[in-house]
Amino acid sequence: MKTQTINNKQEVAEKTQRITGSEAIVRSLMAEGVDVLYGYPGGAIMPVYDELYKFQDQIHHVLTRHEQGAAHAAQGYARISGKVGVAMATSGPGATNLITGIADAQIDSTPLVCITGQVFSHLLGSDAFQETDIVGISTPVTKWNCQVTKAEDIPVALAKAFYIAKSGRPGPVLVDITKDAQVSEFDFKYEKCTGVRSYKPVPKTSQESIDVAAELINNAKKPMIVWGQGVILGQAEQELKAIIEKAGIPAAWTILGASALPTSHPLNIGMVGMHGNYAPNRLTNECDVLIAIGMRFDDRVTGDLNTYAKQAKVIHFDIDPAEIDKNVKTDVAVLGDSKESLGMLEQALNKNSHESWLQEFKDLYAIEYDKVIKNDLSPTKEGLTMGEVLKQINIESEGNAAIVSDVGQHQMIACRYADFNITKSNITSGGLGTMGFALPAAIGAKMAAPEREVVAIIGDGGYQMNIQELGTIFQQKTAVKIVVLNNEFLGMVRQWQQLFFDKRYASTEMTNPNFVAIAEGYYIKARKVVKREELAEAVKEMIQSKESYFLEVCVEKEDNVFPMIPSGASVSDVRLS
């Protein structure tokens, strides 16, 4: 009876029958529309894997090579699809290996449901084999978590988990389930959660706050928008575009907000932050109204808070009340769902243009182009630059690829120079800055959007942190394109050592293996580029490949990423060299 195929997933929710807790977990996932999950089996979660085996024609389990890889793959899946990503692990080390991915998802507002197995409930607190207090460990880095010790509590816990993960400001949740709860039987029926008492995920947008914000914007001489991932999470890309175009406002983005507005849009003035564009960083301290949309004023964006936009009236649109006044004092707070609130704002705005103000951004861009961008994209020196690799990827993908970047110099170069024509195209570790993120996240992204070209941009350091996930790519036949920009250094740390530690390159130079041989060992087609004349043809071959492809590009060892705001400095002090 348990092996019976359920053709209509609605039946999962409607039927009441006596089943084990482990089967209830699988049926609950199916009732939530989960068709793929990432994980690694072990003793305390084995009953669930036995049920997954029986339902493998309806829910696909991806065996990653490490639980951290499972969490990051689930993140990539969630980020490109907008759905909840699911990861699963056993107790003890399996559960703790998920923590980095969970923490990454928490700070980047990514909806995840993580399920961990746990020892029998009578052994809790006894230091049993592979027992760890994963609920206690994960509490600071989850939106919500719980431990289930009775089979009959599984459906309610999972329904609540999915609701909390995806509602309001998304985030990761963890459900820890003891082994006795997995093997016990109960009368199963699944009902989706539609609300939790005292939890109000979406504040009601105040018309009064919209009107005050609109008046400030309508009267502004030098307005500037900085948008973040909240626009993408709220599916408010068209509303953002309508506001920018109607009011003629120059608009910049944080790295997680990239791709909500096409790179080529004439009012898209580039990226803010430590390695953002010169103009939006400098002119943040000259605008008269700063409109922050779905961003949290991270320290990498603001620099020295004592000097950040002190001359401006600040309007902050956000779904999370905790972000208001947390870092930057707000003059007008507009709470609510970004799609709704931006739609209301657009109706209240006057048609306008700010040509002379926009020209100031263009003038500063020309300075940046001459001193930085030109040398990054069209260098005259012999060695290859990371920028020209991105330029070639743009040409071959026509700006339609999803770029999944790791953390470091290559990440900043990817964010600065990738062309984004389609939303949800920039997938990277923002707030936590997790090296090792990109390779597994690219797997999840490609599986969620198989029709899209997914290109992982990785440094030689971060690549080796989760290099084992090449095995997942090989086993799953996932057509991910992997580009390792190899400068034989932990590049970002080396840049700081050069600029601020008198070139004392302590523990940052890498002695690397034969990356091509390793990729070929996993039966992945691979190629290495060391000369400029080889680059265009190699990138074309990679993009046109219907299968996974590994491309190593040897770039200049001591190139730096500019512009740069030194840590703790004002955004006005952004350096071009």
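Our structure is the block above this text.
Note that the coordinates shown come from a computational prediction; the quantities given were computed from them, not determined experimentally.

Caption draft 1: Focus on the overall build of the chain. Summing up its helical and strand segments, the chain has 24 helices and 20 strands in all. Here the chain has a C-alpha radius of gyration of 24 Å; the compact-globule value for 577 residues is 25 Å, and the two agree. The C-alpha extent of the chain, read off along each of the three principal axes, is 70 × 60 × 45 Å. Looking at the chain residue by residue over its 577 residues, the buried ones come to 60%. Pairs at least 24 residues apart make up 76% of the contacts formed inside the chain by residues separated by at least 6 positions. By element, 49% of the accessible surface of the chain is carried by carbon and sulfur atoms, the whole surface being about 22500 Å². Separation of charge centres in the chain, based on 56 positive and 70 negative side chains, amounts to 2 Å.

Caption draft 2: Region of the structure containing the environment of Ile-393. On the secondary structure map, Ile-393 appears in helix H17 (residues 386-397). Ile-393 sits 300 residues away from Pro-93 along the chain, and the two C-alpha atoms are 39 Å apart.

Caption draft 3: Main features of the packing of helix H16 (residues 355-377) against helix H18 (residues 409-417). Viewed as axis vectors pointing N to C, H16 and H18 meet at an angle of 110°, and their least axial separation amounts to 12 Å. The angle between H16 and H18 places the two elements in the roughly perpendicular class. Residues Glu-368, Val-372, Ile-373, Asp-376 and Leu-377 of H16 pack against Ile-413, Arg-416 and Tyr-417 of H18. Tallied by class, residues from the contact of H16 with H18 come to five nonpolar, no polar and three charged.

Caption draft 4: A look at the pattern of salt bridges. Within this structure, the stated rule accounts for 26 salt bridges. In this structure, the salt-bridge partner of Arg-416 is Glu-368, at a minimum N-O distance of 2.7 Å. Placement of Arg-416 in helix H18 and of Glu-368 in helix H16 is noted, with a sequence separation of 48 residues between them. You can call Arg-416 buried: its relative accessible area is 9%. Judged by its relative accessible area of 1%, Glu-368 is buried. With a closest N to O distance of 2.5 Å, Glu-537 and Arg-527 form a salt bridge.

Caption draft 5: Region of interest: the side chain of Ser-570. One can find Ser-570 in the segment after strand E20 (549-554). In this structure Ser-570 comes out as buried when scored by relative accessible area, which is 10%. Reaching out from Ser-570, the side chain makes a polar contact with the side chain of Asn-285 at a distance of 3.4 Å. With residues up to four places along the chain from it excluded, the contact list for Ser-570 reads Asn-285, Asp-304, Thr-307 and Ile-565.

Caption draft 6: Focus on the packing of aromatic side chains. Tallied over the full model, the rule gives eleven aromatic pairs. Here a set of aromatic residues connected by ring pairs shows up, and it is made of Tyr-463, Phe-515 and Phe-550. Sitting over the ring of Phe-489, Arg-494 keeps its end group 5.7 Å from the ring centre.

Caption draft 7: Layout of a nonpolar patch on the surface. There is a patch of nonpolar side chains on the surface, built from Phe-120, Leu-123 and Val-183 and spanning about 210 Å² of accessible area. Examined against the element boundaries, Phe-120 turns out to sit in the loop between strand E5 (112-118) and helix H7 (134-138). For Phe-120, a relative accessible area of 31% corresponds to the partly exposed category.

Caption draft 8: Just the pairing of strand E18 (residues 481-486), in detail. Summarising burial for E18: six of the six residues are buried, a large majority. Of the two faces of E18, the one lined by Lys-481, Val-483 and Leu-485 and the one lined by Ile-482, Val-484 and Asn-486 are each fully buried. Sheet analysis places E18 next to E20, joined by six bridges and oriented parallel. Within the sheet, the bridge partner assigned to Val-483 lies in E20 and is Leu-551.

Rules used in this analysis
- Residues numbered from 1 in each chain as written.
- Predicted model: local features only at pLDDT ≥ 70, side-chain atom pairs only at ≥ 80, totals over all residues.
- Heavy atoms only, no water.
- Helix = DSSP H or I, 4+ residues; strand = E, 2+ residues; numbered from the N terminus.
- Rg over C-alpha atoms; globule rule 2.2 N^0.38 Å.
- Buried < 20%, exposed > 50% of the residue type's maximum accessible area, 1.4 Å probe, protein only.
- Contact = heavy atoms within 4.5 Å.
- Areas by Shrake-Rupley, 256 points an atom, 1.4 Å probe, with all protein chains shown as cover.
- Lys, Arg positive; Asp, Glu negative; His and termini not counted.
- Charge placed at Lys NZ, Arg CZ, Asp CG, Glu CD.
- Axes fitted to C-alpha atoms, helices over the stretch in contact; angles between N-to-C directions.
- Parallel < 35°, antiparallel > 145°, perpendicular 65-115°, else oblique.
- Nonpolar A, V, L, I, M, F, W, Y, C, P; charged D, E, K, R; others polar.
- Salt bridge = Lys/Arg side-chain N within 4 Å of Asp/Glu carboxyl O.
- Polar contact = N/O pair within 3.5 Å; in protein donor to acceptor, adjacent residues only side chain to side chain.
- Phe/Tyr/Trp six-rings, centres within 6.5 Å; stacked < 30°, edge-to-face > 60°.
- Lys NZ or Arg CZ within 6 Å of the ring centre and 35° of its normal.
- Patch = residues over 30% accessible without salt bridge, like charges linked within 9 Å, V, L, I, M, F, W, Y side chains within 5 Å.
- Pairing = 2+ DSSP bridges.

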